[in-house]
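Structural overview for review
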Amino acid sequence: MGDLNETFGLAGRIAVGTGAASGIGRAVAEILAEAGAQVVLGDLDAEGAEGVAKSIRERGDAAVAQGCNVGSREEVDALVDRAASEFGGLDVLCNVAGVPADGLVESLTDEEVDRVFAINLKGTLYGCQAAIPRMAARGGGSIINVSSGAIDLPVPGFSLYSMTKAAVAQLTHSLAQEVGDRGIRVNALAPGATITNFTKRRLERDEDGKIDQASFDQFVGSMESMSPLGLVGEASDQGYLVLYLASDASRFCTGQIWRSNGGATTGR
Ligand SMILES: NC(=O)c1ccc[n+]([C@@H]2O[C@H](COP(=O)([O-])OP(=O)(O)OC[C@H]3O[C@@H](n4cnc5c(N)ncnc54)[C@H](O)[C@@H]3O)[C@@H](O)[C@H]2O)c1
């Protein structure tokens, strides 16, 4: 057995993460950097991503940020190129950026379907495509996509989002078969309810725009009741799993969907 700090650590690794200005993407960026990786942070919210990169640099770790709309192949290519120009290559890619989508199937418009597929599915696909040659050139790497617990628990009015996340899971299964011989591993998280801006978006707000505490408590209670542990997730719960999947500790794992959901889908 090797040194555990080395096996679970990322010293000398170069990582790119999208959705890094907020929630899970932010936690991923902070945890990978703390584990020793040099990180490139992309987000539509360029200012937010720069704020996260700055706080990582202030801790003494290496981070740069760049505005990136993952729905644009050019912008995703440019983000991955930044890892090479800034730090010399790419070892880890975390495709975290994603958006929710509400609406019954019968009323979905082409415009909305195209918008959500462009971000949640094509954005992830573009990242994978940009990463493959860069990782292959270094003898391998780890791609971590973000699917969702919504692929297991259908919810009325959330079908479009769930379709994109099921497609991300399938992309993960299929790509793992195609790139394993180049030393590239491909895994996906399927997070359960994790408290971020994503989960808070539908909560009632008071006249100042602050989330109404009673509505927040009710939401958290309903999510906790789905877990045998009685828990909802924090962004770091997803971030620590990403660290495992990015590190050599998971060298035998690829093509898997990791259900980090407090057990919410296990009793069904
Ligand atoms: N929070 C949950 O309960 C939960 C559960 C399952 C899956 N997820 C998935 O986790 C991922 C992260 O979600 P989160 O909970 O951290 O949400 P969040 O809203 O806190 O963060 C999402 C980030 O993605 C960025 N983003 C949105 N559109 C983008 C685009 N086109 N290009 C680049 N960046 C863009 C946002 O600016 C934001 O910083 C998403 O893919 C989401 O679908 C979240």
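**Side note on the packing of helix α2 (residues 23–34) against helix α9 (residues 235–246)**
Angle between the axes and distance between the axes are the two parameters that describe a pair of packed helices. Contact geometry of α2 with α9 gives a least axis separation of 8 Å together with a crossing angle of 50°. Of the possible angle classes, the one that applies to α2 and α9 is oblique. The handedness of the crossing between α2 and α9 comes out as right-handed. Mapping the contact onto sequence places G23, I24, A27, V28, I31 and L32 in α2 and A235, S236, Q238, G239, Y240, V242, L243 and A246 in α9. Residue composition of the contact of α2 with α9, by class: 10 nonpolar, four polar and no charged.

**Some thoughts on the site of the ligand**
Around the ligand, 28 residues are found, and the nearest of them are S22, I24, D43, Y161 and T196. Within the contact set of the ligand, an oxygen atom lies 2.7 Å away from a backbone nitrogen or oxygen of I24. Residue T196 places a side-chain N or O atom 2.6 Å away from an oxygen atom belonging to the ligand. Considered on its own, the ligand offers 830 Å² of accessible surface; in the complex 92% of this is hidden by protein. Breaking the shell around the ligand down by element, the ones donating at least two residues are α2, α6 (159–179) and α7 (197–200). Sort the elements by how many residues they give to the shell around the ligand and α7 lands first, with three residues. Residue classes in the shell around the ligand are distributed as 14 nonpolar, 12 polar and two charged.

**Remarks on the packing of aromatic side chains**
Evaluation of the coordinates by the stated rule reveals four aromatic pairs. Ring pairing ties together the aromatic residues F8, Y244 and W258, which thus form one cluster. Over the ring of F198 we find R201; its NZ or CZ atom is 5.7 Å from the centre of that ring.

**Focus on helix α3 (residues 46–58)**
In this model, α3 (13 residues) spans 18 Å end to end at C-alpha, consistent with the 18 Å of a helix rising 1.5 Å per residue. A49, V52, A53 and I56 are the residues of α3 that are buried. Relative to the axis of α3, the buried residues are bounded by an arc of 100° and lie together on one face. Along α3, the residues that are exposed and aim more than 90 degrees away from the buried face are E47 and E58. The inward-facing, buried residues of α3 abut α2, β2 (38–43) and β3 (63–67).

**A few points about the pairing of strand β1 (residues 14–18)**
Every regular strand shows the same layout, with side chains that alternate between the two sheet faces. For β1, the tally of buried residues reaches five of five residues, placing the bulk of the element in the interior. Of the two faces of β1, the one holding I14, V16 and T18 and the one holding A15 and G17 are both buried throughout. With five bridges joining them, β1 and β2 adopt parallel strand pairing. Bridge assignment links I14 to a residue of β2, and that residue is Q38.

**Section: the packing of helix α4 (residues 73–87) against helix α5 (residues 110–137)**
Where α4 contacts α5, the two axes come as close as 9 Å, and the packing angle between them is 35°. Considering the relative orientation of α4 and α5, their crossing is right-handed. Contacts between α4 and α5 involve R73, V76, D77, V80, D81 and A84 from the first element and Y126, G127, Q129, A130 and R134 from the second. Looking at the contact of α4 with α5 residue by residue, the class counts come to five nonpolar, two polar and four charged.

**Describing the domain arrangement of the protein chain**
According to the domain assignment, the protein chain contains domain 1 (4–194 + 234–256) and domain 2 (197–232). A separation of 25 Å is found between the C-alpha centroids of domain 1 and domain 2. Tallying the contact residues gives 10 residues for domain 1 and eight residues for domain 2. Carbon and sulfur atoms supply 58% of the area that domain 1 and domain 2 bury against each other, a total of about 720 Å² over both sides. At the boundary of domain 1 with domain 2, the tally comes to one salt bridge. Applying the counting rule to domain 1 against domain 2 returns three residue pairs in polar contact (both at pLDDT 80 or more). Here the residues of the side of domain 1 that touches domain 2 are counted per class, giving six nonpolar, two polar and two charged.

**Quick notes on the sheet that holds β1**
Strands pair in a sheet through their backbones, by hydrogen bonds, and they do so in one of two ways: parallel or antiparallel. Read from one edge of the open sheet, seven strands run β3-β2-β1-β4-β5-β6-β7, paired in parallel fashion. Two strands in the sheet have a free side with no partner beyond their single neighbour: β3 and β7 (257–258). Looking at chain direction, strand β4 (residues 92–95) and strand β5 (residues 141–146) are connected through four bridges and run parallel. Note that in β5 the partner of L93 across the bridge is I143. Against the sheet, α2 contacts β1, β2 and β4, and its axis sits at roughly 170° relative to β2. Each of β5, β6 (184–189) and β7 touches α6; the most contacted strand, β6, lies at about 165° to it.

Reading guide: rules and limits
- Residues numbered from 1 in each chain as written.
- Predicted model: local features only at pLDDT ≥ 70, side-chain atom pairs only at ≥ 80, totals over all residues.
- Heavy atoms only, no water.
- Axes fitted to C-alpha atoms, helices over the stretch in contact; angles between N-to-C directions.
- Helix = DSSP H or I, 4+ residues; strand = E, 2+ residues; numbered from the N terminus.
- Parallel < 35°, antiparallel > 145°, perpendicular 65-115°, else oblique.
- Left-handed = near helix turned anticlockwise from the far one by under 90°.
- Contact = heavy atoms within 4.5 Å.
- Nonpolar A, V, L, I, M, F, W, Y, C, P; charged D, E, K, R; others polar.
- Near = heavy atom within 4 Å.
- Polar contact = N/O pair within 3.5 Å; in protein donor to acceptor, adjacent residues only side chain to side chain.
- Areas by Shrake-Rupley, 256 points an atom, 1.4 Å probe, with all protein chains shown as cover.
- Phe/Tyr/Trp six-rings, centres within 6.5 Å; stacked < 30°, edge-to-face > 60°.
- Lys NZ or Arg CZ within 6 Å of the ring centre and 35° of its normal.
- Expected span 1.5 Å × (residues − 1).
- Buried < 20%, exposed > 50% of the residue type's maximum accessible area, 1.4 Å probe, protein only.
- Arc of directions from axis to C-beta.
- Pairing = 2+ DSSP bridges.
- Domains from an automatic or database assignment.
- Buried area = accessible area lost by both parts, 1.4 Å probe.
- Salt bridge = Lys/Arg side-chain N within 4 Å of Asp/Glu carboxyl O.

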